[in-house]
There are 2 protein chains.
Amino acid sequence: MAAVEQTLDERPAPGRWPQGAAWIDGHLVPIGEARIPILDLGFTRSDVTYDVVHVWRGSFFRLADHLKRFTASMRGLRLTIEQGDAAITAILADCVRATGLRDAYVAMICTRGAPAPGKPRHPAFCANRFYAYALPWVWVMPPEMQARGAHLIVAQTPRIPPDSVDPTIKNYHWGDLTRALFEARDAGADNAVLLDSDGYVTEGPGFNVFAVIDGAVVSPDRGALEGVTRLSVLELCAELGIPARLGRLTADDLRNADEVFCATTAGGVMPASRIDGRILSNDRPGPISARLRERYWQKHDEGWHATPVDYD
Amino acid sequence: MAAVEQTLDERPAPGRWPQGAAWIDGHLVPIGEARIPILDLGFTRSDVTYDVVHVWRGSFFRLADHLKRFTASMRGLRLTIEQGDAAITAILADCVRATGLRDAYVAMICTRGAPAPGKPRHPAFCANRFYAYALPWVWVMPPEMQARGAHLIVAQTPRIPPDSVDPTIKNYHWGDLTRALFEARDAGADNAVLLDSDGYVTEGPGFNVFAVIDGAVVSPDRGALEGVTRLSVLELCAELGIPARLGRLTADDLRNADEVFCATTAGGVMPASRIDGRILSNDRPGPISARLRERYWQKHDEGWHATPVDYD
């Protein structure tokens, strides 16, 4: 199924834009030309939600879960678009096909749109917009960092509280996360974990956080995105007979854990080896983290939750 | 002084684009064609600061104050651009000249930029970007609403705390403010005021808030933008012999005040007449609010803090 309105003559040949392709206003364009209106409230008010699904070896991974969350996020912000799941799927596939990429980072975005001339200046009066793009695979933490284990800090900057901006609605309010990334860099670390105002662990910039304590995997039960990769981790734990639960974690729980790892669509299971300078698991990925990471990719090769992309 | 790199043949004639003009990547374009890259972290991470100055009857108002705050905001986010104050001023004037507008809303924006291919995925490695645009005058509250007094609510949604995202660095993290705007609309009100997590008044979506209590003007001393119009209000109070101060205000202080008004660049001094359904000042703008509003515009006509735009 082709979602793009371009005529056959205009449509890009499969694989024409390996650096990335985007769907903007009903047309596929190379990523370098992909732009949004400067007046879109998605930019000027960060009034926007999005989701990211990955393509691995030619198949979308857990596409249905990402579409379900994206739809829920739009509903949560009172955003509506004409495209349903089938149309979105077709647009995402069109983007991937235009890149020809077998491994890709694929984003779907819904913005509030620009204020309509002559209408009241309230977001309720805007026509919402859908955008999408596919890029070459992105690693939030590169493979060499995953192999040695990431060096994390617990940031001083607290996460934006859920009652101000709901973290389960995937959003671009990254001011706190960006500050934490600079804190990490200033400390000579790779990345950061943020606490809520009560001192409990929430998440990092673009990933869920997990601690292994007394052989059980624990991830925060609040203040964090309900990650699709987090769900995969919980399913893998069940399969492997590793106890796993969502619960509260303090910074000290994390520092005293046997292992710490992170999880995200753009990276999978990513082990840490240091936190605030403390060395975990003998300065390398711990055994449970390593096992989950290995199994996560092995399952991809077995076709787990895979939706093949039609590249022709 | 002309800041735009376009050749004379390419440069728009003065007044060519009355609907708005923007400066994008060194070129002036009509506002309908003004777009930013979809991969700019200014969009995908709301990693951006901005400022808005107005032009009234052909002159910028308090341009130096806006440039000073914009520069401080960039410094606060570790953003750097090649343009200094003189170059920014020339670009803003070019935008206004291209519209021919005597009354205009003029924005300057600095974004983090897009991640650089082949460099680490950290915002420290991005080339930051400057954008600007001029639009026909925008009223955050239209004149008829100002004349009857705005109907406000105290929102349930709390403002994002300053230790997560600093409100004195002007930013697009409007998730909480947008929620509050929907709360206001659902309640049949015009607009909203947000509290911090301790119950103190902060600000509204794009404006500072003031209460008149026992003849004195009070505006929150924390959790709010250090508004340039707020500064004008304080100066006008001094001139008119009205006691004024920054201090703490609770929701009840606001509800029990003699008068309430709001202030912003895109609207000036904007009186309220109701808050949470309670009627203030006999359901019309109170005398001190009305006097400040009148004097604010009168002073504009007298050339207060004015920098004339060269329209030729």
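Residues numbered from 1 in each chain as written. Chains lettered and ligands numbered in written order. Predicted model: local features only at pLDDT ≥ 70, side-chain atom pairs only at ≥ 80, totals over all residues. Heavy atoms only, no water.

### Structural notes on the overall build of chain A
- Counting secondary structure elements, chain A contains eight helices and 16 strands.
- For chain A, the C-alpha radius of gyration of 20 Å lies close to 20 Å, the compact-globule estimate for 312 residues.
- The principal-axis extents of the C-alpha atoms in chain A amount to approximately 60 × 45 × 35 Å.
- In chain A, which comprises 312 residues, the share counted as buried stands at 60%.
- Considering only contacts within chain A whose residues lie at least 6 apart along the sequence, 71% involve residues at least 24 apart.
- In the form shown here, chain A has an accessible surface area of approximately 12100 Å², with 49% of it arising from carbon and sulfur atoms.
- Distance from the positive charge centre (33 side chains) to the negative charge centre (39 side chains) of chain A: 2 Å. (Helix = DSSP H or I, 4+ residues; strand = E, 2+ residues; numbered from the N terminus. Rg over C-alpha atoms; globule rule 2.2 N^0.38 Å. Buried < 20%, exposed > 50% of the residue type's maximum accessible area, 1.4 Å probe, protein only. Contact = heavy atoms within 4.5 Å. Areas by Shrake-Rupley, 256 points an atom, 1.4 Å probe, with all protein chains shown as cover. Lys, Arg positive; Asp, Glu negative; His and termini not counted. Charge placed at Lys NZ, Arg CZ, Asp CG, Glu CD.)

### So, the sheet that holds strand β4 (residues 48-56) of chain B
Residue and element names in this part refer to chain B.
- The antiparallel open sheet is built from seven strands, whose spatial order is β2-β1-β7-β6-β4-β5-β16. Sheet topology places β2 (27-30) and β16 (306-308) at the edges, where each strand pairs with a single neighbour. Strand-to-strand twist across the sheet, computed as the mean angle between neighbouring axes with direction ignored, equals 25 degrees.
- Relative to β2, strand β1 (residues 21-24) runs antiparallel, the two sharing four bridges. Bridge pairing in β2 places Trp-23 opposite Leu-28.
- Of the strands in this sheet, β1, β2, β4, β5 (59-61), β6 (104-111) and β7 (129-136) are in contact with helix α3 (residues 85-99), which crosses β7 at around 35 degrees. (Pairing = 2+ DSSP bridges. Axes fitted to C-alpha atoms, helices over the stretch in contact; angles between N-to-C directions.)

### Considerations on the relation of the copies chain B and chain A
- Of the two same-sequence chains, chain B is brought onto chain A (RMSD 0.0 Å, axial shift 0.0 Å) by a rotation of 180 degrees. Such values leave the two copies arranged in the relation of a two-fold axis.
- A high fraction, 100%, of the interface residues of chain B reappear at the interface in chain A, so the copies pair face to face through one surface. (Least-squares fit on C-alpha atoms with pLDDT ≥ 70 in both.)

### Observations regarding helix α5 (residues 175-186) of chain B
Residues and elements named next belong to chain B.
- Here α5 is 12 residues long and its end C-alpha atoms lie 17 Å apart, about the 16 Å a rise of 1.5 Å per residue gives.
- By the criterion of burial, α5 is predominantly enclosed, with nine of the 12 residues buried.
- Listing the buried residues of α5 in full gives Gly-175, Asp-176, Leu-177, Thr-178, Ala-180, Leu-181, Phe-182, Glu-183 and Ala-184.
- Looking at the packing, one finds that the buried side of α5 touches β8 (150-154) and β9 (191-193). (Expected span 1.5 Å × (residues − 1).)

### Quick word on the environment of Cys-262 of chain B
Residue and element names in this part refer to chain B.
- Take Cys-262: it is sitting in strand β13 (residues 259-264).
- Put simply, Cys-262 and Ala-86 are 176 residues apart on the chain and 31 Å apart in space, counted from C-alpha to C-alpha.
- Excluding anything up to four places from it in sequence, Cys-262 contacts Met-141, Leu-152, Phe-207, Asn-208, Phe-210, Gly-268, Val-269 and Met-270.

### Let's talk about the nonpolar core
- Judged by nonpolar contacts, the single largest core of 60 residues is most densely connected at Ile-38 of chain A together with Ile-38 of chain B.
- When near neighbours in sequence (up to four residues on either side) are disregarded, Ile-38 of chain B contacts Ile-24, Ile-31, Ala-34, Arg-35, Ile-36, Ile-109, Tyr-131 and Tyr-133 of chain A together with Phe-43 and Thr-44 of chain B. (Core = buried A, V, L, I, M, F, W, Y, C linked by side-chain atoms within 4.5 Å.)

Spatial relationships are all this shows, so hold off on functional conclusions.
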